[in-house]
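So you can see what is in the structure, the chains are spelled out below.
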6 protein chains.
Amino acid sequence: MNNNLNRNVHTFIGCDKEYDESEIVIFGAPFDGTTSYRPGTRFASAAMRSESYSIETYSPYLDRDLRDIKVFDGGDLVLCFGNTEKVLCEIKNFTELIVSDGKLFVMIGGEHLVTFGAVQAALQRYPDLRIIHFDAHADMRDNYLSEKLSHATVMRRCWDLLGDNRIFQFGIRSGEKEEFEFSNKHNFINKFNFDGFVKTIKDLKDEPVYLSIDLDILDPADFPGTGTPEAGGVSFKELLSAVFEAMKLNIVGIDICELSPPYDLSGRSTSLACKLLREILLAVAKK
Amino acid sequence: MNNNLNRNVHTFIGCDKEYDESEIVIFGAPFDGTTSYRPGTRFASAAMRSESYSIETYSPYLDRDLRDIKVFDGGDLVLCFGNTEKVLCEIKNFTELIVSDGKLFVMIGGEHLVTFGAVQAALQRYPDLRIIHFDAHADMRDNYLSEKLSHATVMRRCWDLLGDNRIFQFGIRSGEKEEFEFSNKHNFINKFNFDGFVKTIKDLKDEPVYLSIDLDILDPADFPGTGTPEAGGVSFKELLSAVFEAMKLNIVGIDICELSPPYDLSGRSTSLACKLLREILLAVAKK
Amino acid sequence: MNNNLNRNVHTFIGCDKEYDESEIVIFGAPFDGTTSYRPGTRFASAAMRSESYSIETYSPYLDRDLRDIKVFDGGDLVLCFGNTEKVLCEIKNFTELIVSDGKLFVMIGGEHLVTFGAVQAALQRYPDLRIIHFDAHADMRDNYLSEKLSHATVMRRCWDLLGDNRIFQFGIRSGEKEEFEFSNKHNFINKFNFDGFVKTIKDLKDEPVYLSIDLDILDPADFPGTGTPEAGGVSFKELLSAVFEAMKLNIVGIDICELSPPYDLSGRSTSLACKLLREILLAVAKK
Amino acid sequence: MNNNLNRNVHTFIGCDKEYDESEIVIFGAPFDGTTSYRPGTRFASAAMRSESYSIETYSPYLDRDLRDIKVFDGGDLVLCFGNTEKVLCEIKNFTELIVSDGKLFVMIGGEHLVTFGAVQAALQRYPDLRIIHFDAHADMRDNYLSEKLSHATVMRRCWDLLGDNRIFQFGIRSGEKEEFEFSNKHNFINKFNFDGFVKTIKDLKDEPVYLSIDLDILDPADFPGTGTPEAGGVSFKELLSAVFEAMKLNIVGIDICELSPPYDLSGRSTSLACKLLREILLAVAKK
Amino acid sequence: MNNNLNRNVHTFIGCDKEYDESEIVIFGAPFDGTTSYRPGTRFASAAMRSESYSIETYSPYLDRDLRDIKVFDGGDLVLCFGNTEKVLCEIKNFTELIVSDGKLFVMIGGEHLVTFGAVQAALQRYPDLRIIHFDAHADMRDNYLSEKLSHATVMRRCWDLLGDNRIFQFGIRSGEKEEFEFSNKHNFINKFNFDGFVKTIKDLKDEPVYLSIDLDILDPADFPGTGTPEAGGVSFKELLSAVFEAMKLNIVGIDICELSPPYDLSGRSTSLACKLLREILLAVAKK
Amino acid sequence: MNNNLNRNVHTFIGCDKEYDESEIVIFGAPFDGTTSYRPGTRFASAAMRSESYSIETYSPYLDRDLRDIKVFDGGDLVLCFGNTEKVLCEIKNFTELIVSDGKLFVMIGGEHLVTFGAVQAALQRYPDLRIIHFDAHADMRDNYLSEKLSHATVMRRCWDLLGDNRIFQFGIRSGEKEEFEFSNKHNFINKFNFDGFVKTIKDLKDEPVYLSIDLDILDPADFPGTGTPEAGGVSFKELLSAVFEAMKLNIVGIDICELSPPYDLSGRSTSLACKLLREILLAVAKK
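Computed from a predicted structure; not experimentally measured.

Describing the overall build of chain A
When its secondary structure is counted, chain A shows 8 helices and 10 strands. Burial statistics for chain A: of 287 residues in total, 71% are counted as buried. Sequence separation of 24 or more characterises 78% of the internal contacts of chain A that already satisfy a separation of 6 or more. For chain A, the exposed surface amounts to about 8,900 Å²; the carbon and sulfur share of it is 47%.

Looking at the relation of the copies chain F and chain E
Here chain F sits on chain E after a turn of 180° about the axis and a move of 0.0 Å along it, with an RMSD of 0.0 Å. In the structure described here, the two chain copies are related by an operation that fits a two-fold rotation axis. Interface residue correspondence from chain F to chain E reaches 100%, placing this contact among same-surface, isologous pairings.

With respect to the state of the cysteines
Residues and elements named next belong to chain B. Inspection of every chain in the model, using the stated rule, returns 0 disulfides over all chains. No disulfide involves Cys274; its nearest neighbouring cysteine sulfur is the one of Cys15, lying 10 Å away. Owing to a relative accessible area of 0%, Cys274 belongs among the buried residues under this scheme.

Focus on the packing of aromatic side chains
The tally for this structure, following the rule as stated, stands at 96 aromatic pairs over all chains. Here Phe168 of chain D and Phe188 of chain D contribute two aromatic rings whose centre-to-centre distance is 6.4 Å and whose plane-to-plane angle is 35°, an arrangement assigned as tilted. With Phe168 of chain D in strand β7 (residues 167-172) and Phe188 of chain D in strand β8 (residues 188-191), this residue pair connects regions lying 20 residues apart in the sequence. Judged by its relative accessible area of 11%, Phe168 of chain D is buried. Since its relative accessible area comes to 31%, Phe188 of chain D is described here as partly exposed. Site record: aromatic cluster; members linked through ring pairs are Phe134, Phe168, Phe170, Phe188, Phe194 and Phe197 of chain A. In this arrangement the basic side chain of Arg42 of chain C is found over the ring face of Phe81 of chain C, its NZ or CZ atom lying 3.8 Å from the centre.

Some thoughts on the interface of chain F and chain E
Counting from both sides, the interface comprises 25 residues of chain F and, opposite them, 25 residues of chain E. Carbon and sulfur atoms make up 55% of the surface buried where chain F meets chain E, a total of about 1,800 Å² over both sides. Remark: the boundary between chain F and chain E carries 2 salt bridges. A salt bridge links Glu147 of chain E to Lys86 of chain F; the nearest nitrogen and oxygen atoms lie 3.4 Å apart. For the pair chain F and chain E, the interface holds 12 residue pairs in polar contact (both at pLDDT 80 or more). In terms of residue class, the side of chain F that touches chain E is made up of 11 nonpolar, 9 polar and 5 charged.

Re the pairing of strand β5 (residues 104-109) of chain A
Two faces belong to every sheet, and in a regular strand the side chains alternate between them. Residues and elements named next belong to chain A. Among the 6 residues that make up β5, 6 are buried, leaving the element largely enclosed by the rest of the structure. Across 6 bridges, strand β1 (residues 24-29) lies against β5 in parallel orientation. Counterpart to Ile24 in the pairing with β5 is Leu104. In this sheet, strand β10 (residues 250-257) lies alongside β5 in parallel orientation, the contact comprising 4 bridges. Bridged to Val106 within β10 is Ile254.

Points about unusual backbone geometry
Note: most peptide bonds trans; most residues except glycine with negative phi. The linkage connecting Gly109 of chain E with the following residue, Gly110 of chain E, adopts the cis geometry, with an omega of 10°. As for its position among the elements, Gly110 of chain E is in the loop between β5 (104-109) and α3 (114-125). Phi is positive for Asp63 of chain A, close to 50°, though the residue is something other than glycine. Its location among the elements puts Asp63 of chain A in the loop between β2 (58-59) and β3 (64-65). The class of Asp63 of chain A is partly exposed, set by a relative accessible area of 44%. Even without being a glycine, Asn165 of chain C presents a positive backbone phi close to 65°. Secondary-structure assignment places Asn165 of chain C in the loop between α4 (154-162) and β7 (167-172). Residue classification places Asn165 of chain C among the exposed positions, given a relative accessible area of 54%.

Here's the deal with the side chain of Arg173 of chain C
All names here are of chain C. Inspection of the secondary structure puts Arg173 in the loop between β7 and α5 (177-186). One buried charged residue, Arg173, remains without a salt bridge, the closest side chain of opposite sign being Glu230 at 5.3 Å. A polar atom in the side chain of Arg173 sits 3.1 Å from the backbone oxygen of Ile217.

Overview of the packing of helix α3 (residues 114-125) of chain D against helix α4 (residues 154-162) of chain D
Residues and elements named next belong to chain D. Two elements in contact, α3 and α4, have axes whose closest approach is 9 Å; the angle formed by their N-to-C orientations is 15°. The angle between α3 and α4 falls in the class roughly parallel. The two elements α3 and α4 cross, and the hand of that crossing is right-handed. Judged by residue contacts, Thr115, Phe116, Val119, Gln120 and Leu123 of α3 engage Val154, Met155, Arg157, Cys158, Leu161 and Leu162 from α4. Looking at the contact of α3 with α4 residue by residue, the classes come out as 8 nonpolar, 2 polar and 1 charged.

Re the packing of helix α2 (residues 84-100) of chain B against helix α3 (residues 114-125) of chain B
Residues and elements named next belong to chain B. The contact between α2 and α3 brings their axes to 8 Å, and the two run at 40°. On the basis of the axis angle, α2 is oblique to α3. As for how α2 packs across α3, the hand of that crossing is right-handed. Of α3, the residues touching α2 (which contributes Leu88, Ile91, Lys92, Thr95, Glu96, Val99 and Ser100) are Val114, Phe116, Gly117, Ala118, Gln120, Ala121, Gln124 and Arg125. Of the residues assigned to the contact of α2 with α3, the class counts are 7 nonpolar, 5 polar and 3 charged.

A few points about the pattern of salt bridges
For the coordinates displayed, the defined rule picks out 115 salt bridges over all chains. One salt bridge in this structure joins Arg42 of chain C and Asp32 of chain C, with 2.7 Å as the shortest N-O distance. Placement of Arg42 of chain C in the loop between β1 (24-29) and α1 (44-51) and of Asp32 of chain C in the loop between β1 and α1 is noted, with a sequence separation of 10 residues between them. As far as burial versus exposure is concerned, Arg42 of chain C and Asp32 of chain C are alike and both buried. When the shortest N-O distance is used, the salt bridge between Glu56 of chain F and Arg141 of chain D registers 3.0 Å.

A short note on the side chain of Glu258 of chain D
All names here are of chain D. Structurally, Glu258 can be placed in the loop between β10 (250-257) and α8 (268-284). A distance of 2.8 Å separates a polar atom in the side chain of Glu258 from the backbone nitrogen of His112. If sequence neighbours within four positions are ignored, Glu258 has contacts with Thr41, Gly110, Glu111, His112, His151, Asp214, Leu215, Phe223, Gly225 and Thr226.

Focus: the sheet that holds β5 of chain E
The strands that make up a sheet are held in pairs by hydrogen bonds between backbone atoms, and each pair lies either parallel or antiparallel. All names here are of chain E. With parallel pairing, 8 strands are arranged side by side in an open sheet as β4-β1-β5-β10-β9-β6-β7-β8. If you trace the sheet from one side to the other, it starts and ends with β4 (71-76) and β8 (188-191), each paired once. In this sheet, neighbouring strand axes are inclined to one another by 15° on average, regardless of whether the strands run parallel or antiparallel. Summarising the sheet, strand β6 (residues 130-134) and strand β7 (residues 167-172) pair through 4 bridges and their orientation is parallel. Note that in β7 the partner of His133 across the bridge is Gln169. Sitting on the sheet, helix α5 (residues 177-186) is in contact with β7 and β8, with an inclination near 130° to β8.

Focus on helix α5 (residues 177-186) of chain B
Residues separated by three or four positions in an α-helix point in the same direction, a consequence of the helix having 3.6 residues per turn. All names here are of chain B. For α5, the full list of buried residues reads Glu179, Phe180, Phe182, Ser183 and His186. In an axial view of α5, the angular spread of the buried residues amounts to 160°, which keeps them on one side of the axis. For α5, the exposed residues set more than 90 degrees away from the buried face come down to Asn184 and Lys185.

With respect to the confidence of the model for chain A
This prediction gives chain A a mean pLDDT of 94; 97% of its residues lie at or above 70. Interface confidence in the predicted complex, given as ipTM, is 0.94; pTM for the same model is 0.96.

Thresholds, definitions, all that
- Residues numbered from 1 in each chain as written.
- Chains lettered and ligands numbered in written order.
- Predicted model: local features only at pLDDT ≥ 70, side-chain atom pairs only at ≥ 80, totals over all residues.
- Heavy atoms only, no water.
- Helix = DSSP H or I, 4+ residues; strand = E, 2+ residues; numbered from the N terminus.
- Buried < 20%, exposed > 50% of the residue type's maximum accessible area, 1.4 Å probe, protein only.
- Contact = heavy atoms within 4.5 Å.
- Areas by Shrake-Rupley, 256 points an atom, 1.4 Å probe, with all protein chains shown as cover.
- Least-squares fit on C-alpha atoms with pLDDT ≥ 70 in both.
- Disulfide = S-S within 2.5 Å.
- Phe/Tyr/Trp six-rings, centres within 6.5 Å; stacked < 30°, edge-to-face > 60°.
- Lys NZ or Arg CZ within 6 Å of the ring centre and 35° of its normal.
- Buried area = accessible area lost by both parts, 1.4 Å probe.
- Salt bridge = Lys/Arg side-chain N within 4 Å of Asp/Glu carboxyl O.
- Polar contact = N/O pair within 3.5 Å; in protein donor to acceptor, adjacent residues only side chain to side chain.
- Nonpolar A, V, L, I, M, F, W, Y, C, P; charged D, E, K, R; others polar.
- Pairing = 2+ DSSP bridges.
- Lys, Arg positive; Asp, Glu negative; His and termini not counted.
- Axes fitted to C-alpha atoms, helices over the stretch in contact; angles between N-to-C directions.
- Parallel < 35°, antiparallel > 145°, perpendicular 65-115°, else oblique.
- Left-handed = near helix turned anticlockwise from the far one by under 90°.
- Arc of directions from axis to C-beta.
- pLDDT = per-residue confidence, 0-100.

Right, here's the structure in full:
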């Protein structure tokens, strides 16, 4: 058979290694079933794969190239809308496979609730797990319209598992009064920006860390393609710096959530997410 | 207090009567939690209320006026995404209230699954209920990715309750082979258009009838604002004629589903849905 | 000076003759100041000039070419929003110039109210003027929120000047009950389509006729780019046939109104309007 | 009657108090009839009410909650396009009602000209009125295409009433040479940003102040949803700080103008305007 | 390795057989380098693969299923913009591979010029080749701005190779006068619709036929997502019937061109193209 | 002939002088034929002319007015897609005409490759030419998919002509590793921002300088309307400052490239480009 007639394998740019040889696995969790306002994050991972061919594999920030590291793109999970518990279970099971093979995972959401599935898997292996949480929203409600599992409760559910002083929140600028009070009492919460991040990095030096990035931590000027854009956020440059700092820790799991491509005609939100993912992969990969 | 400083009551145009005096109640069921492809029907009822002020209360088709009939707009149900069973239960309960007051309801979806809640309520009161089903899709799967409750299974779930020969489908032009086979065996199914509709109208003359309109029965040329547009559909004029025919039956419940405003910038899909709703109300109201 | 460095004259395709030698003058009246719902028709004439370069000068319908007839493009009037009377006066004055030079004018709206300015000019010269009115809306209100001059009253204002039996309406499918009653009494009104058009053509054989085309007579499937799309309209082919018939009359003025480019991303509404204008020019030009 | 079957009252989030008990009244002035370029601000107040349900009632900036203050949402004025003077008169009359009841008003435009109606009402009660004017455009033309009443002349018309040294302009980065010269001579004008704002706040300490916010003072990066986006503006954070400072003055009237929802698909401009309105209400409300 | 961690092969729905076992090969030619107006057809084949998961593999028109036939999806050619000749050469070479393996190819454009590459390959093997050409535009210019290779000249270039009476054009409603004259003399041309198609089918009974479908033959109401929408086209149902007729001939090559996804926000043009491709594959496959 | 009936000359605002009297000539090069990802820059110059009427002729930054300087708008070149070499030749020839008349040219792209045509013309007259290059992308590939002429190779082609140490790059944040290495060796390259720009200005004091502005140097927050938006760019204010500094040099040619209007619904990218062009013209014009 002719070379040109190969199967049309579809991966994020530069992430075309085989599973067994890879140290990092990326995959999509295209679920937005509890999104209460504008849905669309289900399309994020597919959009990112397509859009990734508009960026380069090389980072002038890190002077490294995706072609030189080992990343496997596991494609997207097939998740059923309408049954939230099952979806989280499937995310958890899939993440466990990767974790149990000693690989690092980077999950592309989907809405922020998908984090809960991945955190459960990471926690099993790393009982001392800490979560660094970048977000515009506190996500600390105990329930949302009586539901326990929701994009608006996801960090509260994580707290249920981890307990006090193990979640570190940055950039938060929206939530109910009760959420801020709760986080002030039980977690480390920094409103609006990355103040206090240097100290957090120091404190978490020897701990296994899960980094959860809700992209709406970014100002909507930088990142309009999300369901609940919240003015007054951090810039891409600030986020990138914080991510580079975080990558120096003992990172055991990462997610990037809440890109909603349909609400950004220009494609630039998707493009930004691709660039951020490239930088994360290059920064976290073993030299 | 000044007259101009009244509360900002927000209804579908001309549907501003009080509940007690009304013979018809319209309400929204803004849920699209099982939508497997492009979501957005959750915004339909709110968009229709706003857009309705671009049409008139008078119908030149029927020479009747909304101002002369009695319709109450009950607003939108507050439905929680992520818990499908509870959503259906809330729809069922709300519909029962209206039915038990001897009023006719017209529900604005939302995805097509909301029909199942309303049908349950109608069936309780009308054990002989028949369903006339306008749609591009058969919606006759037994499950969708193992889930029993889905926009793709809604008519199968209705069949579970009603049994053979009580569902009459028109316009169907998409589905799995198994769905067409099932409907051929258990229901009356007419592919592509309204052939056979005259006979159905005749046969159902003395029966209580629920009319479920999935607006994607329309050709996407007429109605682009829906999540899974399917080429080859019926025209607005054909749909309007069929609806006028159906309104001559003993109609006990109606729904209009699957308008997804975000996918039609021009607003014309929403406008068409408003016009259709006006004609339905005028045609079904007692003289 | 080099040939390439000519001034950048901007006309509708093929309408590049000098004023003095032309028999037809087209111009834009970019005004939508009384539009009560979605504005944007102010951009129609400029959009049509740009878009016109995507069509050909040749018509396969008529086997004629714009390059072979004499049309001058007079550009757009500079109209001030906020002072409706003055705007109409400026349209009237400009149209009079063309009429007094014995040329035929084709005005590109703008909202439908601009017709009233042009009709006044035409009536001065042709006291027996008749109006053929293609529209989805009756435009026969006596006032709109107390205002006498509005897109919703324009044909009523024309009736004020012309009186009974001189306005012929086709395609009308929206309006208040009173408007339909008024038109039934004072004008010839045909609801929904072109029924009766052949007879109208016959009756108007020897009269001076103004043709006013509100493009929303078209079904929104064919023409989504308008502020108040109204389902159930005529097709482009039906409109084109009617226009060709009308062009056989003694046409003394024409307008094309209510294209609103911002509400049609695909550009096809603008493109259709360009094609219609080309066919009108070719059909009305002297052989 | 069942609780669920209440009328569908539609207010800005958290602004659901009765008129009589409220200290603040918000209302919409959906008029853009003199807008000379891209219209659409007529849709701002309705869009803000809908979009407001995507933000919280609680402000982490001020640690206050809309549920704890008394705001009545008076809905939208019904304004007729095409008669500018009448529109301004209606705005003036309505504002006077609120002012005469000793309540503070916050008007949501609409184009910037609506300010002139509200300023007239405020001036009647507060003859010493000062205006703080945030804008990208000077709005100081004496006329626009001969018209005295226009979005481009609104501050000049206010100056006609107030005279020298009572208008304080910030952020201005667009206008004709004559406008800048006029403002330099008669008003306090600060180009591009908020330099000098601290001094202004000091100087106006004991005066009744009207704050007029043309949202296009914001950089289009932060706020694309406006008709004439002007690069080089202030950031949301800068605007928010300035607004918080201003709220310490004796504020007697406020407006927020020039949001044009149709030109921002992502909804983030509307969301920003909602957030700004929430912060204004919380900052200005009596403790 | 776990089953879930397979490579993410990306094909058109149901077209997942291996090359060697397949009788039909589909592939994309994502080139729009000579498009003179709105570009974007380069995104068609990728968009169709994604969108195809919103349709079913089963056709209720033909009662057949893609899962039961053998189609290989060869992915997209990597084509360089800026060098038209090389692009056509690469298309030709790739098509030859398929043809020489005795398989039928279905090429997804791209602009219409890509047809010329595929026709050259087909002609080599089938010297008696005929072309059935569905289009709104004649594409019969001898050159476009002096260039011989252009979307506007593609059928003229085919005529250069095939000569008289071997190209059969349907639906043509745009072109220069010279193009219509040329086609009237040298080809079979039918303006506007499919009149005469039955006879063509009869005449071509024993000949090898290449079917080239420029999707803009469709009315823009049915298919807005194309670069030069031309009002007055055929309906989807008419096109589908004609395609079914054509599939009864000795078809040796097929292309589907000029879908431009960026100009249709609703996705329905892409969805229609997917459905058409499914029907073509099912109709042309050996029983 | 009446004054109102002049020809509809279409220029950038305020650039309405005659060629002979002008010291600056602006013209459009609407070509995007080698654009490998999202095309659309071909529409930039026409969009800018239309949009320019939303800005003023007066600059509050420079206190100067376009009405007081002499600029001729030469319209757009008619460029044929599909033949890249010919396009560059036509740009070169046209630019030479202007240069040979001793006038300064400002070319509006189109994609960045158009720069190569203009640089060739400038180099003929100014053998010591230097290029200041503002861009997000290095554009230093030796070829792109084997093609020598591409938007991705344009600065490499310029280097072929100019040699070492004559190209000065700022803002670069994307490219292949090899491009950065090449530029580090042969050019002055500054990554991400304008660091080092002051020194460059000093060093180029007595040299003839061509300024090439790829607008995607701007952060996508400020400038979403471009084909390959790259997060992490400079702000409009930073760009404007740098441009003002550059205008103090001996500028002999300028281009502004890569605005792609279709990808920015709000029009603000086009508006920013207009404002930038106004400031460039005012800053570079002789006092």
